[in-house]
Amino acid sequence: MEAITSHSSCEEVREALLKSGFSETTADLFYENEVDGMSILNIKDQDLFLMLPNKIGLVRKLIVMIDERKAQVAALPSSSVVKLESPSSSSLSENELEQEQVPEQGHVQEHERHDTAVPNYSDRIKTLLENGRIIEDFDKFIEETAYYVLSHGDITSRRRYAEFGRHMYEQFPCIGFSGQQPWSFFCKKLSQKIRNLRWKRKKGLNGYPDFTSKITRTELHSTVREIHMTLKQCTKLIADELRKPNVQQNRTLLKHLQKISYKDRRQDIAQAEEGAVQDILKKYPLLSDMEYIHLEFQMLIKVGDPAASWTALLVNLEKAMSMERNNEEGSYVEYEEVHALQLIVQLQSKLKTRSKGKKLPPAISVTDAPTVQLSGDSNNPPRLLVIHHQDPARPLSGFVITDRIYICKENTLLGILYDLLGCYYAWNLSFPVQYQVLGFLQSYLLKDGRKPFFKSSAYIKFQKTFESVCDESSEEYVLTKVG
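For the structure given in this document, a descriptive report is provided here. These figures come from a predicted structure and were not determined experimentally.

1. Details of the sheet that holds strand β2 (residues 383-387)
One open sheet holds the 4 strands; their spatial order is β1-β2-β3-β4, and the pairing between them is mixed. Unpaired on one side and paired on the other, β1 (364-367) and β4 (405-407) mark the two borders of the sheet. Neighbouring strand axes in the sheet, compared pairwise and without regard to direction, differ in orientation by 25° on average. In this structure, strand β3 (residues 397-401) lies alongside β4, joined through 3 bridges in antiparallel fashion. Across the sheet, residue F399 finds its bridge partner in β4, namely I407.

2. A word on the packing of aromatic side chains
Geometrically, a pair of aromatic rings is defined through the distance of the ring centres and the angle of the planes. Counted under the stated rule, the structure contains 20 aromatic pairs. Ring geometry for Y406 versus W427: centroids 5.5 Å apart, planes at 55°, classification tilted. Taken together, the residues span a long stretch of sequence, with Y406 in strand β4 and W427 in the loop between α21 (413-426) and α22 (436-444) at a distance of 21 residues. Comparing Y406 with W427, the two get one shared label, buried. Every member of this aromatic cluster is reached through a ring pair, and the members are Y424, F431, F440, Y444, F453, Y459, F462 and F466. A cation sits over an aromatic face here: K61 above F22, 5.0 Å from the ring centre. For R404, the ring lying beneath its charged end belongs to Y406, and the centroid distance is 4.3 Å.

3. Brief notes about the side chain of N380
Relative to the helices and strands, N380 resides in the loop between β1 and β2. Contacts of N380, omitting those with residues within four sequence positions, involve K358, L360 and P361.

4. Overview of the packing of helix α1 (residues 10-19) against helix α2 (residues 24-32)
Running from N to C, α1 and α2 cross one another at 160°; their axes reach a closest spacing of 9 Å. Comparing the axis directions of α1 and α2 gives the class roughly antiparallel. In this structure, α1 crosses over α2, and the sense of that crossing is right-handed. On α2, the residues that touch C10, E11, R14, L17 and L18 of α1 are E24, A27, D28, F30 and Y31.

5. Things to note about the environment of R266
By secondary structure assignment, the location of R266 is in helix α16 (residues 262-270). Owing to a relative accessible area of 12%, R266 belongs among the buried residues under this scheme. Separated by 160 residues in sequence, R266 and A426 place their C-alpha atoms 8.6 Å apart. Non-local contacts of R266, meaning those with residues more than four positions away in its chain, are made with L287, E296, L300, Y425, A426 and N428.

6. Observations concerning the packing of helix α15 (residues 251-260) against helix α18 (residues 290-300)
Closest axis-to-axis distance for the α15/α18 pair is 11 Å, and the angle between their directions is 35°. Here α15 and α18 pass one another in a crossing that is right-handed. Residues R251, L254, K255, Q258 and K259 of α15 pack against E291, Y292, L295, E296 and M299 of α18.

Calculation criteria
- Residues numbered from 1 in each chain as written.
- Predicted model: local features only at pLDDT ≥ 70, side-chain atom pairs only at ≥ 80, totals over all residues.
- Heavy atoms only, no water.
- Pairing = 2+ DSSP bridges.
- Helix = DSSP H or I, 4+ residues; strand = E, 2+ residues; numbered from the N terminus.
- Axes fitted to C-alpha atoms, helices over the stretch in contact; angles between N-to-C directions.
- Phe/Tyr/Trp six-rings, centres within 6.5 Å; stacked < 30°, edge-to-face > 60°.
- Buried < 20%, exposed > 50% of the residue type's maximum accessible area, 1.4 Å probe, protein only.
- Lys NZ or Arg CZ within 6 Å of the ring centre and 35° of its normal.
- Contact = heavy atoms within 4.5 Å.
- Parallel < 35°, antiparallel > 145°, perpendicular 65-115°, else oblique.
- Left-handed = near helix turned anticlockwise from the far one by under 90°.

Below, the structure is given as structure tokens:
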């Protein structure tokens with residue numbers, strides 16, 4: 001482990017583990033999970049137990065050795081840390097590194113100019129830097145910086161990249177990421193972009209001017225193109241942010257990264273094996289937090305007015321239940337939470353179906369017990385436990401039960417049901433045959449027909465009654481606010 005620093009690559013971490021006596025299987029597991037030096041020095045105990053389940057002795061040994069290495073790295077002087085940096089961790093070419101040994105006077109002057117000046121950015125980048133939200137357009141920020149550097153003499157050594165990065169970080173702290181040198185990610189991205197632009201200039205590609213001459217801000221802005229972060233980049237940044245304590249996590253940043261990587265992430269999850277929730281959560285840990293599950297669900301389902309759809313559902317459920325009881329007088333007034341909960345429980349009972357497969361607990365369970373012992377259930381699909389407090393002044397409490405307990409963020413029945421449905425959608429799960437009530441809510445609350453499910457005979461029978469009520473009363477009642 002002595003060779004590992006925060007700049008070590010995944011391959012170097014693998015080699016260090018092998019030299020420390022760990023098996024090739026263990027070393028390969030770290031490599032496959034893209035654990036580099038920064039990751040292993042900031043890895044949490046729970047991450048290790050997740051990677052190496054049922055191997056307590058091995059995990060404890062890793063924890064001890066990683067803690068020892070972290071203490072050694074922290075005690076190293078800055079000069080020692082630089083010497084430990086691997087050339088492969090830098091994006092500079094060998095020729096560029098050789099130029100560092102004998103710096104020319106002109107380059108020193110150019111370097112001093114970079115350290116004292118700040119690029120003249122476009123209005124959008126200026127605004128994002130001022131508001132601390134540069135991650136929203138980080139690639140564009142890097143490209144504008146690269147144009148500035150190339151038009152003012154270039155940077156040709158790792159040391160100068162580091163000094164320029166430190167200077168930029170002091171001016172704009174929002175460009176920093178976790179690590180001993182918060183500006184290192186910025187330097188790496190800048191070096192890659194500059195080398196790319198040098199290559200394009202060398203090839204004489206159209207649209208890439210001669211950067212040795214200064215360009216105006218207008219010309220700079222016109223040559224910059226929009227570049228989006230890849231799913232892998234977003235996932236890595238999210239993982240880095242989630243390693244921080246909860247109070248230090250930038251939730252605005254996490255939500256933005258979740259949004260911009262949404263399309264690629266959903267395509268990847270759609271290709272995963274049905275029911276492979278643990279694999280999905282291991283790859284995308286953000287989806288193990290109910291706040292981000294809810295956001296993922298909102299992006300998957302476009303609901304115009306949830307409250308109106310909810311009230312319409314309750315009104316028509318009341319009518320349909322009354323018809324089946326041969327009682328035409330239904331209660332079409334404002335719905336209290338208790339009344340709405342009773343209707344949903346009755347609906348679940350009405351749609352109950354027998355299955356030859358494994359018997360499952362109800363999809364929605366209700367209790368009024370003041371204290372409830374909760375435990376995870378890894379053998380069954382996600383289900384909901386609603387606690388209806390005896391004190392009418394207290395709101396409902398909801399818990400989604402899977403292999404662990406997820407506390408619902410909302411305290412309304414509509415919000416609690418959305419959290420349960422959100423887990424199925426975010427994790428790409430199909431509804432079990434026994435959970436017909438979830439399919440009904442998908443069709444008539446979410447109004448989503450894209451996620452197919454098996455309809456039992458009980459479902460089809462009640463569906464006919466319900467839809468006849470919807471057709472007759474679609475324009476005859478006024479939607480009321482849910483209590």
